[in-house]
Amino acid sequence: MEFIIKEIIDKREKEKISRDILNDLPEWFGMPDSTEEYIKDSQDKPFLACFIDNETAGFVVLNATSKDCADIFVMGIKKKYHRMGVGRKLNDAYEEMAKKLGYTYSQVKTVKMGHYKEYDITNHFYISMGYKELECFPTLWDEWNPCQIYIKYIGEK
């Protein structure tokens, strides 16, 4: 199986890809207003997509949080491609892009471990990618979804 990672520039294509994939993941992106915000806000940010046999398998969006730190704004992989290495490939491509753009750190926000099975999977993925727990903000989003921030040193250009 060949994975092709491409940067997507066209806003309509970004919208189509993000909508298609996020709608396939209601366990993670089940709040329509929040999902629409991800789709809309992703259109103006660096956007990478993974294709397998001409089908979009996943995507990741880079957001700047400071001059030194990039953020995985949103990432999604279609369920049928889970546990096949798509997330790892996208993460590697995201980190390479972040370094080229001059960032030395990356962060990601997710729901703290122990609250939802799906987000426990997400936490384990980021830990396996080398992310470390930085801080938890229990009420940043709301009390049912404590925000865990992970951080990773990705190196210089």
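Placed above this text is the structure.
Attention here is on the structure that accompanies the text. (Residues numbered from 1 in each chain as written. Predicted model: local features only at pLDDT ≥ 70, side-chain atom pairs only at ≥ 80, totals over all residues. Heavy atoms only, no water.)

Here we come to the overall build of the protein chain. The helix and strand inventory of the protein chain stands at four helices and seven strands. Over its C-alpha trace the protein chain gives a radius of gyration of 15 Å, about what one expects of a compact globule, namely 15 Å for 157 residues. Taken along the three principal axes of its C-alpha coordinates, the protein chain extends 40 × 35 × 30 Å. Relative to its 157 residues, the protein chain shows a buried fraction of 45%. In the protein chain, once contacts between residues fewer than 6 apart in sequence are set aside, the share between residues at least 24 apart is 64%. Carbon together with sulfur atoms contributes 50% to the accessible area of the protein chain, which is approximately 8900 Å² in total. (Helix = DSSP H or I, 4+ residues; strand = E, 2+ residues; numbered from the N terminus. Rg over C-alpha atoms; globule rule 2.2 N^0.38 Å. Buried < 20%, exposed > 50% of the residue type's maximum accessible area, 1.4 Å probe, protein only. Contact = heavy atoms within 4.5 Å. Areas by Shrake-Rupley, 256 points an atom, 1.4 Å probe, with all protein chains shown as cover.)

Let us look at the nonpolar core. Counting 24 residues, the largest nonpolar core has I72, V86, L90, Y94 and Y131 as its most contacted members. Secondary structure elements with two or more residues in this core: strand 2 (47-52), strand 3 (55-64), strand 4 (69-77) and helix 3 (86-100). In terms of residue count, helix 3 provides more of this core than any other element does, six residues in total. In this structure, V86 is in contact with F3, C50, I52, A57, G58, I77 and Y81, ignoring residues within four places of it in sequence. (Core = buried A, V, L, I, M, F, W, Y, C linked by side-chain atoms within 4.5 Å.)

Shape is all these values report; function is a separate question.
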